[in-house]
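Structural description and commentary
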Amino acid sequence: MPSIYEKMYSPKLLELFKNPKNVGEMKDPDAKSTEGSLACGDMISIFLKIDKDTQRITDIKFLSYGCAANIATTSLMTEMVKGKTLEEAKKLTFKEIAKEIGGLPTTKMHCAVLSIDGLQSAVRNYEEKQGLVKIPKVDESFVRSRLRHVMNPKLGRDIVSTGMLGEIKIEQGRIELDLDVSRAGEFENYIVEEVNERLKNLPTVKEVKINVRK
Amino acid sequence: MQKLVYLDNATTTKLDPEVRKAMEPYFTEYYGLPTAEYGHSFGLKVKEALEEARETVAKSIRAEAEEIVFTSGSEESNNLAIKGTAWASKDKSHLVTSKIERMSVLNVMKSLENTGRFKVSLLNVDGEGFVDLEKLKAAINKETLLVSVQHANQEIGTIQDIVEIGKVCRDRGVLFHVDAEQSFTKLPIDVEKMNIDLLSISAHLIHGPKGIGALYKRKGVKLKPVLEGAYHEFGLRAGAENIPGVVGFGKAVELVEETQIAHMRRLRDSLTEGLLKTSDSRLNGPKGDKRLCNNVNITFKYVEGEAVLLHLDMRGIIVTTGSACFSRTLEPSHVILALGLKHEDAHGSVRFSLSRYSTREEMDYAIDNAKAVVEQLRRISPVGR
């Protein structure tokens, strides 16, 4: 019986779903992160071993709660950054992951985004631990950069570059923003949820208010 | 050939070979249309076949033949029942339904509400999916035209107390529509005893052909057609009659036997028991007599349904999930959420639906493989460790 999944997913993605690489929990990692949420249906944990002198990722492991595309893109991401320096790893984009895996359906593009978020977040965790960076200030540009990771599956692109995100106001831990959902179609609720998820757990953020415009 | 264990019979079923045999002459031999009877004799045999099938379908729900309108299926019937009564009503402006109906009820309700002429009350259900009679009574008011409540749920198999709901509707003088797609021939339906005014059914869930169904419409209930045209189906549905479909529908109804229900119920119970042996799993919906004979719905914690589905698909087992990742809108099952469960309970939910062709060997194969797949995915999951 031919599989419908062969129509949806590339052979590489299916192979990595069946036999993911670098999977498992790491004992005593130098850095780790967990991104995504159970409520959204996808969540990953990333563990890093980093050589202090060369700043290279000597080992990387992941765990995944999610669909086939989530497991496969995260697996691929780990293979692509293993042996790379932190600076090199930070340059990897979700588009490169999507391309390398042989393409993703638009409704699954957020899986590649999540794998990059997990990586970035683990690297940040390392840098914070080593005192290399301070906790970022949550300002307008920071919010925008976080929301550049929210995809509108209808357009196959993120909500910032497609102009869905309007005015952002930040006052005493309260973020208020305008979101134009007129081109979101059936994904309206999903996008609103995602925006909320991306912002509510940021440091110093107490409240997120989304003004939905149709 | 690779093994195929088809456990998605709540979506559609395999055509019974007997049904196909009954349909065959109506493609190439008796291909006339009954409406042509006034012009020539060629449609006569077809007219007889159409009316015989109408009689068979009517009897199976204790209705009269002229109360059966053939449609393309139960979703069209839902449209015709709800839009049809709403459009035909001159004064009433309120509709009542439950939160766990199929989209062909919920979306029709929403679009009627969007016209500004109608208000819709959506009834909550309890943790097992049951509509509360007191809440129903409280929702009905002087403006209420119609109450629409399904017989059995498509995802979790909950069987509503249609007799009691029917009584409430009759007492309060409101129309009662029942979406019986899932329950038809699996549960006794008596439109008289149940005080049902409108009822939607499909052939393809009972091993009949796709593209044919019916709406039962009690005599005297006023309905405007959704598809307008000539005087087909008592003026309620335009379009050349799907004669092979109608004949197949009638045959499919004739082939139903009580023993098939008992068979499915036995397999359902052993499948449920076997699947619940996987740790951290729960049954969604009720147990026992208040659950449809062919429905099993299990949430496996700490895993996501699409991944489970794909692994099972690779092993030849066909099921569905309420996970957002599997839906075109990236939203989780509205039924599981209406039970008061969390999003992740919907993401991890898997529906297994049986048919009379299901076997004990298939149940064992499904149980063993589901356990193996869930355990495999849990080994790589960041939660529940």
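Residues numbered from 1 in each chain as written. Chains lettered and ligands numbered in written order. Predicted model: local features only at pLDDT ≥ 70, side-chain atom pairs only at ≥ 80, totals over all residues.

Quick notes on the overall build of chain A
Check the secondary structure of chain A and you find eight helices and eight strands. With the C-alpha coordinates of chain A rotated into their principal frame, the extents come out at 55 × 45 × 25 Å. Taking all 214 residues of chain A together, the buried fraction comes to 39%. (Helix = DSSP H or I, 4+ residues; strand = E, 2+ residues; numbered from the N terminus. Buried ≥ 20, exposed ≤ 12 C-beta atoms within 10 Å, placed from the backbone.)

Thoughts on the pairing of strand β10 (residues 295-300) of chain B
Residues and elements named next belong to chain B. Burial of β10 is extensive: six of the six residues sit out of reach of the surface. Going residue by residue along β10, you find Asn295, Asn297 and Thr299 tucked away on one face and Val296, Ile298 and Phe300 tucked away on the opposite face as well. With three bridges joining them, strand β9 (residues 281-283) and β10 adopt antiparallel strand pairing. Each residue of the ladder has a partner; that of Arg282, found in β10, is Thr299. In this sheet, strand β13 (residues 349-353) lies alongside β10 in antiparallel orientation, the contact comprising five bridges. Each bridged residue has a counterpart across the sheet, and for Ile298 the counterpart in β13 is Val350. (Pairing = 2+ DSSP bridges.)

Focus: the interface of chain A and chain B
Much of the literature gives interface size as the accessible area that the parts lose upon coming together. Each partner contributes residues to the interface: chain A has 27 residues there, and chain B has 22 residues. For the side of chain A that touches chain B, the elements supplying multiple residues, two or more each, are β2 (42-51), β3 (56-65), α3 (68-81) and α8 (188-200) of chain A. Here the side of chain A that touches chain B takes four residues from β2 of chain A, the largest share from any one element. Taken together, the residues that form the side of chain A that touches chain B break down as 17 nonpolar, eight polar and two charged. (Contact = placed C-beta atoms within 7 Å. Nonpolar A, V, L, I, M, F, W, Y, C, P; charged D, E, K, R; others polar.)

Details of the domain arrangement of chain A
Residue and element names in this part refer to chain A. Each assigned domain of chain A is listed with its residue range as follows: domain 1 (5-129) and domain 2 (140-213). Taken together, the contacts link eight residues of domain 1 with seven residues of domain 2. Looking at which element gives the most residues to the side of domain 1 that touches domain 2, the answer is helix α6 (residues 109-129), with four residues. (Domains from an automatic or database assignment.)

Side note on the sheet that holds strand β8 (residues 207-213) of chain A
Residue and element names in this part refer to chain A. As summarised here, the arrangement of the three strands in space is β6-β7-β8, forming an open sheet in which the pairing is mixed. Of all strands in the sheet, those bounded by a partner on one side alone are β6 (165-171) and β8. Put simply, the sheet's adjacent strands are angled 15° from each other on average, direction ignored. In this sheet, strand β7 (residues 174-180) lies alongside β6 in antiparallel orientation, the contact comprising five bridges. Note on β7: the bridge partner recorded for Ile168 is Leu177. Taken strand by strand, helix α7 (residues 140-147) contacts β6 and β7, and its axis lies near 135° from that of β6. Helix-sheet contacts for α8 involve β7 and β8, and the interaxial angle to β8 is about 155°. (Axes fitted to C-alpha atoms, helices over the stretch in contact; angles between N-to-C directions.)

Regarding the pairing of strand β4 (residues 119-123) of chain B
Residue and element names in this part refer to chain B. Relative to β4, strand β3 (residues 94-98) is paired through five bridges, and the arrangement is parallel. By the bridge assignment for β4, Leu95 is matched with Val120. Handedness of the crossover joining β3 and β4 through helix α5 (residues 103-114) is recorded here as right-handed. (Right-handed = clockwise from strand over helix to strand, strands pointing away.)

Examining the domain arrangement of chain B
Residue and element names in this part refer to chain B. Under the domain assignment, chain B is made up of domain 1 (5-13 + 257-379) and domain 2 (17-254). Taking only C-alpha atoms into account, the centre of domain 1 sits 28 Å from that of domain 2. Contacts between domain 1 and domain 2 engage 22 residues on the former and 22 residues on the latter. Among the elements that line the side of domain 1 that touches domain 2, the one with the most residues is helix α11 (residues 334-338), at three residues. Per-class residue counts for the side of domain 1 that touches domain 2 are eight nonpolar, eleven polar and three charged.

A short note on unusual backbone geometry
All names here are of chain B. You will see that Arg62, though not glycine, has its phi angle at about 60°, which is positive. Here Arg62 lies in the loop between α3 (44-60) and β2 (68-71). The backbone of Thr185 sits at a positive phi, close to 70°, despite the residue not being glycine. With respect to the element layout, Thr185 can be found in the loop between β6 (175-179) and β7 (198-202).

Details of the nonpolar core
In this structure, Leu48, Ala68, Ala72 and Ala112 of chain A together with Val308 of chain B are the most contacted members of the largest nonpolar core, which totals 92 residues. Top contributing element to this core by residue count: α6 of chain A, with ten residues. Sequence-distant contacts of Leu48 of chain A, defined by excluding residues within four places in its chain, comprise Pro29, Asp30, Ala31, Lys32, Ile57, Ile60, Ala122 and Tyr126 of chain A. Counting 69 residues, the second-largest nonpolar core is a separate cluster that includes Ile61, Ile100, Ile206 and Leu223 of chain B. (Core = buried A, V, L, I, M, F, W, Y, C linked by C-beta atoms within 7 Å.)

A closer look at the packing of α3 of chain B against helix α8 (residues 243-254) of chain B
Residue and element names in this part refer to chain B. One way to put it is that α3 packs onto α8 with a least axis distance of 9 Å and a crossing angle of 40°. Considering the relative orientation of α3 and α8, their crossing is left-handed. Between α3 and α8, the residues in contact are Val46, Ala49, Leu50, Glu52, Ala53, Thr56, Val57 and Ser60 and Ile243, Val246, Val247, Phe249, Gly250, Val253 and Glu254, respectively. (Left-handed = near helix turned anticlockwise from the far one by under 90°.)

Regarding the sheet that holds strand β1 (residues 31-37) of chain A
Residues and elements named next belong to chain A. The three strands are arranged β1-β2-β3 in an open sheet whose pairing can be described as antiparallel. The open sheet has two edge strands with one neighbour each: β1 and β3. This sheet shows a mean twist of 15° between the axes of neighbouring strands, independent of strand direction. With seven bridges joining them, β1 and β2 adopt antiparallel strand pairing. Within the sheet, the bridge partner assigned to Thr34 lies in β2 and is Ser45. Packed onto the sheet, α6 meets β1 and β2 and runs at close to 145° relative to β1.

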